[in-house]
Amino acid sequence: MDEALADPELRDWLSTLRKQQPDTAEPDLATLRAPRYRPGGPPLWSVRELRIGARPVTSARLYRPGPERLPLVLYAHGSGFVFVDLDSHDRVCRRLALTANAAVLSVDYRLAPEHPAPAAVDDLFNVARWSARLPDQVGPVMPNPALAGRSPYWRQHAWQGRR
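Conventions and cut-offs
- Residue numbers run consecutively from 1 along every chain, following the written order of its sequence.
- Residues qualify for local features only when their pLDDT is at least 70, as the model is predicted, and side-chain atom pairs are given and counted only at 80 or more; totals for whole chains, interfaces and linings, by contrast, use all residues.
- Derived side-chain values reflect all non-hydrogen atoms in the structure, with water molecules and hydrogen atoms excluded from consideration.
- A pair is scored as a salt bridge if a Lys or Arg side-chain nitrogen falls within 4 Å of a carboxyl oxygen belonging to Asp or Glu.
- Helix numbers and strand numbers start at the N terminus; a helix is a DSSP run of H or I with at least 4 residues, a strand a run of E with at least 2.
- Exposed residues in this analysis have more than 50% of their type's maximum accessible area, buried residues have under 20%, and partly exposed residues fall in between, with area computed by a 1.4 Å probe over protein chains only.
- Buried Ala, Val, Leu, Ile, Met, Phe, Trp, Tyr and Cys residues that are joined via side-chain atoms within 4.5 Å together make up what is termed a nonpolar core.
- Here a residue-residue contact requires only that any non-hydrogen atoms of the pair lie within 4.5 Å.
- Helices are assigned an expected span. That span is 1.5 Å times one less than the residue count.
- The directions considered for the arc run from the helix axis to the C-beta atoms.
- Following DSSP output, two strands are said to pair if at least two bridges run between them.
- Working convention: axes come from line fits to C-alpha atoms, limited for helices to the stretch in contact. Angles between N-to-C directions cover 0 to 180 degrees.

Student: Would you take a moment to explain the pattern of salt bridges for this structure?
Tutor: Pairing of side chains with opposite charge becomes possible as their charged atoms draw close. Applying the stated rule across the entire model yields five salt bridges. Residue Arg94 pairs with Asp90 through a salt bridge whose shortest N-O separation is 2.7 Å. You can see Arg94 and its partner Asp90 sitting in helix α3 (residues 90-100), four residues apart, about one turn around the helix. Like Asp90, Arg94 is buried. A salt bridge links Arg110 to Asp123, with the shortest nitrogen-to-oxygen separation between them at 2.9 Å. Linking Arg110 in the loop between β4 (103-108) and α4 (119-132) with Asp123 in helix α4, this pair joins segments that are 13 residues apart in sequence.

Student: Please explain the nonpolar core as it appears in this structure.
Tutor: Of all hydrophobic cores here, the largest spans 19 residues; its most connected members are Ile52, Leu62 and Leu105. Breaking this core down by element, the ones donating at least two residues are β1 (46-52), β2 (58-64), β3 (72-76), β4 and α4. Broken down by element, this core gets its largest block of residues, four residues, from α4. Setting aside residues no more than four positions away along its own chain, Ile52 makes contact with Val57, Thr58, Ala60, Leu105, Val127 and Trp130. Counting eight residues, the second largest nonpolar core, distinct from the first, contains Leu44, Val73, Tyr75 and Val104.

Student: Teacher, can you tell me more about α4 here?
Tutor: The periodicity of an α-helix, 3.6 residues per turn, causes residues three or four positions apart to be oriented the same way. The end-to-end C-alpha distance of α4, which contains 14 residues, comes to 20 Å, matching closely the 20 Å that a straight helix rising 1.5 Å per residue would cover. Taken as a whole, α4 has its buried residues at Ala119, Ala120, Asp123, Leu124, Val127, Trp130 and Ser131. Looking straight down α4, one finds that the buried residues subtend no more than 135° of arc, so they occupy a single side. Those residues of α4 that are buried are in contact with β1, β2, β3 and β4. Following α4 by one or two positions, Leu134 adopts a phi angle in the positive range, close to 55°.

Student: Which parts of the structure should I look at to understand the sheet that holds β2?
Tutor: The pairing of strands in a sheet happens through backbone hydrogen bonds and is either parallel or antiparallel. Ordered in space as β1-β2-β4-β3-β5, the five strands form an open sheet in which the pairing is mixed. With one partner strand each, in any of the chains shown, β1 and β5 (146-149) form the two edges of the open sheet. The average angle at which neighbouring strand axes cross in this sheet is 25°, direction not considered. Contacting β1, β2, β3 and β4, α3 crosses the sheet at an angle of about 40° to β2.

Limitation: the analysis is restricted to geometry and does not speak to function.
In structure tokens form, the structure reads like this:
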């Protein structure tokens, strides 16, 4: 399945993880969260860091391909609510903003196990509710934001045995 990955850097990272762990073991949390080089994504008209809410404050990153009124996409980065962050999905969000010609709001929700469930879901819900009010911080956007993201659970189970 790794050969089919569109991102060669992701393929190399997965290969490195597998070499560090026995074949039967899942990578440990420290390995999964370790900083690594990530190539930059395409340039955009605007990329801004946002702080949303009061308690808890949720960090987010807004990607805009242009100043015009755009659809808004709320992006949840996946990872089983345990690892990855805004930086790990920066390139994906940049590509999504450009190809969909949409403003993309990527949410840096709290991660488990430090923040047990439903903390991540609460953060996503709070940002969705906030973004539905079309706040000035996101610029001119159309009503009814969309939700996008990824899930390793889906990939693991949907593609099982299809190599």
